[in-house]
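Coordinates in review
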Amino acid sequence: MSEGVSQREAIRKARGSFAAMAATYCLGVFNDNFFKQAAMLIAVAAGKSSLQGYAAVVFTLPFIFCAAPAGWMADRFSKRNVVIGSKALELAAMIFGAAGILLVNWYLVFVMLALMALQSTIFSPSLNGSIPELYPAEYVTRANGYLKMFSIGGILAGIATAGIVLDMQGPGFHGASLGQVGVGIVVIGVAILGLAVSLGVPRRRAAAPERKFPWGGPIETLRTWWDMRKDRLLRTVILSNVYFWFLGSLQYLILNPMGLRQFGYSKSLTSYLIAAQLVGIAIGGLISGWLSQGPRWTKVLAPSAAVLGACMAAVGATPYIAAGARLYVLFALLGAAGVAGGIFVIPLESFIQVRPDAQRKGAVISAANAASFVGILLSGLVSNSLNAVLRPTTSYALAGLETMLVALAIMFTFRGGPK
C-alpha cells in the first residue's frame, strides 16, 4: 500500500474519534460563551462595565496557576477520563452560574467563572494533545482549521443567542426576568448534554503513565517556559499566540461597551457584532488550513496580522459615518478582521501541538495555554483602563495600530522562513 493511501486511511479512521472530541468541545465552548456574554450584557446594562475586566482576570487565574497539573493529567492519564471528569466539573460550574444569573449575585457568577476556567484548563491539553495522536503531522493544520470552524460555531451560537434569550419578555421567577430564567435552563441543559456526549470519546493509553505530579504548580510552568526558550521557533510562535489571545480578549471587552453605550444598540445587536467577527475567524481558519500547509506556514503570519490591524484601526472612523450605514460598515470590518485573525492563529496553534515530544506534549501545551492567559489577564486590566478614558472605537483603533506594528515585527522575525 502506498504512503498516500495509508495516510488517507489513517485520516478516515480518525474522523469518528475527532467528531466525538469536537462535539464535546463545542458544547462546552457554547456554554462558556453563552454564559459569559449573558453575564457581561447584564453588567454593562446595569452600568457595571468594570466587571468585564475583573471577570477576565478571574477567568485567567486557573489557567496560570493550574497549568502544570492540567498538563500532567493529560500525559499521566487516559485523555478520555480527563475529558469526562472536566465535563462533570462544567456541570457543577453551570449550577453556580445559573443561580448567580437568577439572583443577579456577582459572587456566584465569579465562582462559576473560576470553575469554568479550571474546567477549560484541564480539558484543553487533552483535546489539543489528541489531535497529533489522531492525525499525521501533515494533516494537523487542516484538522485544526476544521476544529476552529466548529468551535467558532459554538462560540458564535453562544454569544448570538445570549442576547436573544436575555431580551425575552414575560413573567419570570421570584424576581428574575424570563430572560434570566432562560439563561439558567440553557446552561444546565447544555452541560448535561456535553457530559453525555463525552462518554463517546474513545479510550487511548496514557502517553506518560509514570510521570510524577508537579507539586511546584506555577513553578513547574515557569520551568517549562524556561526550557522552551532553547527552541527559538517555538518561543516566537508562543509569543505570537499570546498576543493573539490578548488582542482577541481586548476586542471582546471593548465591543460590548461600543455597541451598548457608544452606539445605543440592543443586547442582541451587540452580540451580533461579536458574532460577525467570529464568523470571520471560522472562515479564516478554514482558509488557513489550506494556505499554511508545509514549510510555507510562516508566510501567512505577517500579512494576516497587518490586515487584522488595519481593519481594527478603521473601526475608529465609524462614529463619523452616517448612522444608517454605520452598522453595515462595522459588520464588514469586524468580519474581515475575523478572517485575518483566523488565518493568523491556526498555524500557530498547530505548531504548538506538533513541535513537543509525545511524552511532554501535555506539559508544553499547558504552559503555552498559561502564557496565552497571561495575555488575556492583561487584556482585562488594559480594557478597564481604556474604557475609563477613551471612547470604545478609539480604543479599538489604537489596538489595531499596535497590531500593525506587531505585523512588522513578525515579518522581520520570519524573513528567512522557519528556522
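Just so it is clear, the model here is predicted, and its values are computed rather than measured. (Residues numbered from 1 in each chain as written. Predicted model: local features only at pLDDT ≥ 70, side-chain atom pairs only at ≥ 80, totals over all residues. Heavy atoms only, no water.)

What follows covers the overall build of the chain. Assigned secondary structure in the chain consists of 14 helices and zero strands. Taken from the N to the C terminus, the helices and strands of the chain come in the order α-α-α-α-α-α-α-α-α-α-α-α-α-α. Burial analysis of the chain (419 residues in total) assigns 58% to the buried set. Pairs at least 24 apart in sequence give 86% of the contacts found in the chain among residues at least 6 apart. For the chain, the exposed area adds up to about 17,200 Å²; of that, 68% sits on carbon and sulfur atoms. (Helix = DSSP H or I, 4+ residues; strand = E, 2+ residues; numbered from the N terminus. Buried < 20%, exposed > 50% of the residue type's maximum accessible area, 1.4 Å probe, protein only. Contact = heavy atoms within 4.5 Å. Areas by Shrake-Rupley, 256 points an atom, 1.4 Å probe, with all protein chains shown as cover.)

This paragraph deals with the packing of aromatic side chains. Inspection of every chain in the model, using the stated rule, returns nine aromatic pairs. An angle of 90 degrees between the planes, with centres 5.5 Å apart, marks the rings of Phe244 and Trp245 as edge-to-face. Overall, the relative accessible area of 31% leaves Trp245 in the partly exposed class. An aromatic cluster is built from Trp72, Phe77, Phe213 and Trp215, whose rings are joined through pairwise contacts. (Phe/Tyr/Trp six-rings, centres within 6.5 Å; stacked < 30°, edge-to-face > 60°.)

Moving on, we come to the environment of Val190. Mapping Val190 onto the fold places it in helix H7 (residues 178-198). Val190 gets classed as buried once you look at its relative accessible area, which sits at 14%. C-alpha of Val190 to C-alpha of Glu90: the two residues are 100 residues apart in sequence and 9.8 Å apart in space.

A few words on the nonpolar core. Within the largest apolar cluster, 70 residues are counted, with the highest numbers of intra-cluster contacts made by Phe35, Leu113, Val183, Met258 and Tyr396. The dominant element in this core, judged by the number of residues it contributes, is helix H1 (residues 3-45), at twelve residues. Sequence-distant contacts of Phe35, defined by excluding residues within four places in its chain, comprise Gly97, Ala98, Ile101, Val109, Met112, Leu113 and Val187. Listed in part, the 27 residues of the second largest apolar core include Met228, Ile352, Val364 and Ala407. (Core = buried A, V, L, I, M, F, W, Y, C linked by side-chain atoms within 4.5 Å.)

Let's shift gears to helix H10 (residues 267-291). An ideal rise of 1.5 Å per residue puts 36 Å on 25 residues; H10 measures up with 36 Å between its terminal C-alpha atoms. Here H10 starts with a cap whose side-chain oxygen sits 3.1 Å from the backbone nitrogen of Leu269, and that cap is Ser266. (Expected span 1.5 Å × (residues − 1). Polar contact = N/O pair within 3.5 Å; in protein donor to acceptor, adjacent residues only side chain to side chain.)

All right, on to the pattern of salt bridges then. Inspection of every chain in the model, using the stated rule, returns four salt bridges. The salt bridge involving Lys36 is made with Asp32; its shortest N-O contact spans 3.8 Å. Placement of both Lys36 and Asp32 in helix H1 is noted, with a separation of four residues, approximately one turn of the helix. A single burial state applies to Lys36 and to Asp32, both of which are buried. (Salt bridge = Lys/Arg side-chain N within 4 Å of Asp/Glu carboxyl O.)

As a further point, take unusual backbone geometry. One non-glycine residue, Val104, lies in positive phi territory at about 50 degrees. Relative to the elements of secondary structure, Val104 occurs in the loop between helix H4 (79-103) and helix H5 (106-134).

Take Ala332: it is sitting in helix H12 (residues 323-354). Ala332 sits in the partly exposed class, given a relative accessible area of 48%. Sequence separation between Ala332 and Gly280 is 52 residues; the distance between their C-alpha atoms is 9.6 Å.

Along the polypeptide, Ser249 turns up in helix H9 (residues 232-262). Ser249 sits in the buried class, given a relative accessible area of 13%. Excluding residues within four positions of it along the chain, Ser249 makes contact with Ile376 and Ser379.

Looking now at the confidence of the model for the chain. A low pLDDT means the predicted coordinates there should not be read in detail. Overall, the predicted model of the chain reaches an average pLDDT of 83, with 89% of residues at or above 70. Looking over the chain, one finds the lowest element-wise mean pLDDT in H1, namely 74, and the highest in helix H11 (residues 301-315), namely 95. (pLDDT = per-residue confidence, 0-100.)

Our next topic: helix H3 (residues 67-76). With eight of its ten residues buried, H3 lies for the most part within the structure. Taken residue by residue, H3 has Ala67, Ala68, Pro69, Ala70, Gly71, Trp72, Ala74 and Asp75 as its buried positions.

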